[in-house]
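Architecture and fold: a report
The lines below spell out each chain.
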Amino acid sequence: MWRDAVETRKEEKEMWLESMETPRTCFNNAFMLTFLLLNLSLGRVAGADSYSRDDFPVDFVFGSGTSAYQVEGAANEEGRSRSIWDTFAHAGYAHGGNGDVACDGYHKYKEDVRLMVETGLEAYRFSISWSRLLPNGRGPVNPKGIQYYNNLINQLTSNGIQPHVTLHNYDLPQVLEDEYGGWVSRDIIRDFTYYADVCFREFGDRVLYWTTVNEPNVFALGGYDHGSCPPQRCSPPFCAMKSNRGNSTYEPYLAVHHILLAHSSAARLYRRKYRNKQQGYVGISVYSFGLFPQTNTEKDRVATQRVRDFMVGWVMEPLQYGDYPISMKTNAGVRIPAFTTRESEQVKGSSDFIGVIHYTNVNVTDNSDALKNQLRDSSEDMAAKISGMDLFANEEYPVTPWGLREELNKFKLLYGNPPIFIHENGQRTASNSSLQDVSRVKYLHGYIGGVLDALRDGLNIKGYFAWSFLDLFELLDAYESSFGLYYVDRDDPELKRHPKLSAKWYSRFLKNRSTSIVGTVELEKDPSLVSIGHLFE
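Throughout this description, residue numbers start from 1 for each chain and increase along the sequence as written. Since the coordinates come from a predicted model, pLDDT governs what is reported: local features require at least 70, and pairs of side-chain atoms require 80 or more to be given and counted, while whole-chain, interface and lining totals use all residues. Values reported for side chains reflect all heavy atoms of the structure, with hydrogen atoms and water molecules removed beforehand.

**Re the sheet that holds strand β6 (residues 290-293)**
- When DSSP finds two or more bridges between two strands, those strands count as paired. Runs of H or I in DSSP of at least four residues are treated as helices and runs of E of at least two as strands, each being numbered from the N terminus. Spatial ordering of the open sheet is given by β6-β8-β9, a layout of three strands whose pairing is mixed. Taken across any chain shown, the strands that pair with only one partner, and hence form the sheet edges, are β6 and β9 (384-387). The average angle at which neighbouring strand axes cross in this sheet is 35°, direction not considered.
- In this sheet, strand β8 (residues 361-366) lies alongside β6 in parallel orientation, the contact comprising four bridges. By the bridge assignment for β8, F292 is matched with N363.
- Contacts from helix α13 (residues 298-321) reach β6, β8 and β9, with the element oriented near 120° to β8.
- In this description, contact between two residues means that some pair of their heavy atoms is separated by no more than 4.5 Å. Axis angles are defined between N-to-C directions and span 0 to 180 degrees, where every axis is a line fitted to C-alpha atoms and, for a helix, only to the segment in contact. On top of the sheet, helix α17 (residues 401-415) reaches β6 and β8; it is set at about 95° to β6, its chief contact.

**A look at the sheet that holds strand β5 (residues 281-287)**
- Strand order in the closed barrel formed by eight strands is β1-β2-β3-β4-β5-β7-β10-β12, and the pairing between neighbours is parallel. Averaged over neighbouring strand pairs, the angle between their axes works out to 25° when direction is ignored.
- Sheet topology note: the strand β3 (residues 162-168)/strand β4 (residues 209-213) ladder contains four bridges and is parallel. Counterpart to H168 in the pairing with β4 is V213.
- Relative to β5, helix α11 (residues 251-273) is tilted by about 160°, and along the sheet it contacts β4 and β5.
- Sitting on the sheet, α17 is in contact with β5, β7 (354-357), β10 (420-424) and β12 (461-467), with an inclination near 140° to β10.

**Some points on the confidence of the model for the protein chain**
- Per-residue confidence from the predictor is reported as pLDDT, a score between 0 and 100. In the predicted model, the protein chain carries a mean pLDDT of 88, and the fraction of residues at 70 or more is 85%.
- Low pLDDT, under 50, characterises residues 1-46; the stretch is placed with 65 contacts to residues that sit more than four places away or in other chains.
- Scored below 50 in pLDDT, residues 518-537 makes 47 contacts in the model with residues more than four places away or belonging to other chains.

**Details of the state of the cysteines**
- The criterion for a disulfide is a pair of cysteine sulfur atoms lying within 2.5 Å. Enumeration according to the criterion identifies one disulfide in this entry.
- One disulfide bridge connects C234 with C239, the sulfur atoms lying 2.1 Å from each other. Negative torsions about the S-S bond denote left-handed disulfides, and the value of about 115° found for C234 with C239 makes this one right-handed.

**Comments concerning the packing of aromatic side chains**
- Stacked, tilted and edge-to-face pairs are distinguished by plane angle, under 30 degrees for stacked and over 60 for edge-to-face with tilted covering the rest, among Phe, Tyr and Trp rings (Trp via its six-membered ring) whose centres lie within 6.5 Å. Taken as a whole and judged by the stated rule, the model has 47 aromatic pairs.
- Judged by centre distance (4.9 Å) and plane angle (85°), the ring pair of F56 and F62 falls under edge-to-face. The same class applies to F56 as to F62, namely buried.
- Through a chain of ring-to-ring contacts, the aromatic side chains of Y51, F56, F60, F62, Y464, W505, Y506 and F509 assemble into a single cluster. For each residue, the accessible area found with a 1.4 Å probe, counting protein chains only, is set against the maximum for its type, and the residue is called buried under 20%, exposed over 50%, and partly exposed in between.

**With respect to helix α5 (residues 105-119)**
- Multiplying 1.5 Å by the helix residue count minus one yields the expected span of that helix. With 15 residues, α5 should cover 21 Å at 1.5 Å per step; its first-to-last C-alpha distance of 17 Å lies more than 12% under that length.
- Along α5, the largest kink reaches about 40° and is centred on E111.
- Among all positions in α5, only G105, Y106, K108, Y109, D112, V113, L115, M116 and T119 are buried. Note that bend, as reported per residue, equals the angle between axes fitted to the 7 residues terminating at that residue and the 7 residues originating from it.

**Let's talk about unusual backbone geometry**
- A cis amide bond, omega 5°, links P230 with the succeeding residue P231.
- Between W467 and S468 the backbone carries a cis peptide bond, its omega angle lying at 0°.
- Within the fold, S468 resides in the loop between β12 and β13 (481-482).
- Phi is positive for E78, which is not a glycine, with a value near 50°.
- In this structure, E78 sits in the loop between α3 (68-71) and α4 (84-90).

Right, here's the structure in full:
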């Protein structure tokens, strides 16, 4: 399927380049793209097909996002120390790539904010590099780090773009990992709270939305169970990559436990010390698949709910009810930590909003026999098989927004309808596939329509962030796949940015100049769609 898609894109590219030889290049190119888009719209999946920015609440924000290690570069400049993501990448586990330069956002932030303004972004989600701000993990603050984030935040706010800041996105300072094991130690709660305090103090007068930790559920599974993500801790036979440290049977549970305690500690600090003056909000994000039983049997339906407990309830139930799901405590037993009464009260209600990260759907099959194994990790405790998604492939996602709508409705049903931001949602394509990323337009069209449907269901959704603003250094496959609205030319010493069709579509939508279908006239007048075809020769 993927090979066929690549061949199709190759044929489209050849048609594109051939059309450039005629005097009516722009018209021919526009006609082709419009033809494709109209066919895509006719084949759209169920959801809000025709909509505009005005169909969403006035205070609903649309934006896009990046994260520090994926975009900043300047990894060894101006006082920044290594993070666990640096270590992971330089060990060769990200297809040989690393974030030493990435998109050079550290030096090109003014240019990038200018592109955000041109696109019409209302908000920008980014993360702060803990090791850039506090090179020792705690203690003295790096003034150059403070200056960079002040400059970025000021550039955003002066242009009317709302900053949404994440404090930790897979990039714990390596010094803390070396000193005490990072997130598997209770010491991290103290150090994370100190780091959060620095951020609130320095930037909180302009930042209203703080996310403490990005997708702790996936971070724990990848980093502490399978070893496929930083800090690459795992134990046989559960390792997806070679590792000589960690214990997959209990460390994922321990890491999330400490993340929840650190999150709630930072939230408590904010509420006590900063909220009255700054009037901001502190939340956390969670990764969520659209979960569907493989068959309509009772076993598969129960297994699907169990997977939801282990994936989403793992974070959400402590925040909502002060404890882990019953299925997790039953299957993991003493390997999952217990909250004290005081900790339970601190964690419960500690999140002002939830960031939902969603890309695609999976199917669930019961695998209760896994519970007969004496040696189990969190995946086997789940007692289910998940199919339909390969995180290590760079295949495009199907456009199935009903899965997101279904999962959002579960947040309303199970977790009290909390305020939600869609923190990440976007289409993966092979790098350099085409500036004419019709599949990404189709994906955004479908999923933004699905969000509108969920709003009409009564969901408390506050915003949507397309992942990602630029083609970034991706966690699992470095520069081999891309999610960006803007292409970054890595063969250009200046790392020049080029808008893809998706950037133009998103811009038109945000500026309310049209509904979700790209118009023929505008494409005919847009020579940029054909002016850089040489990039993909």
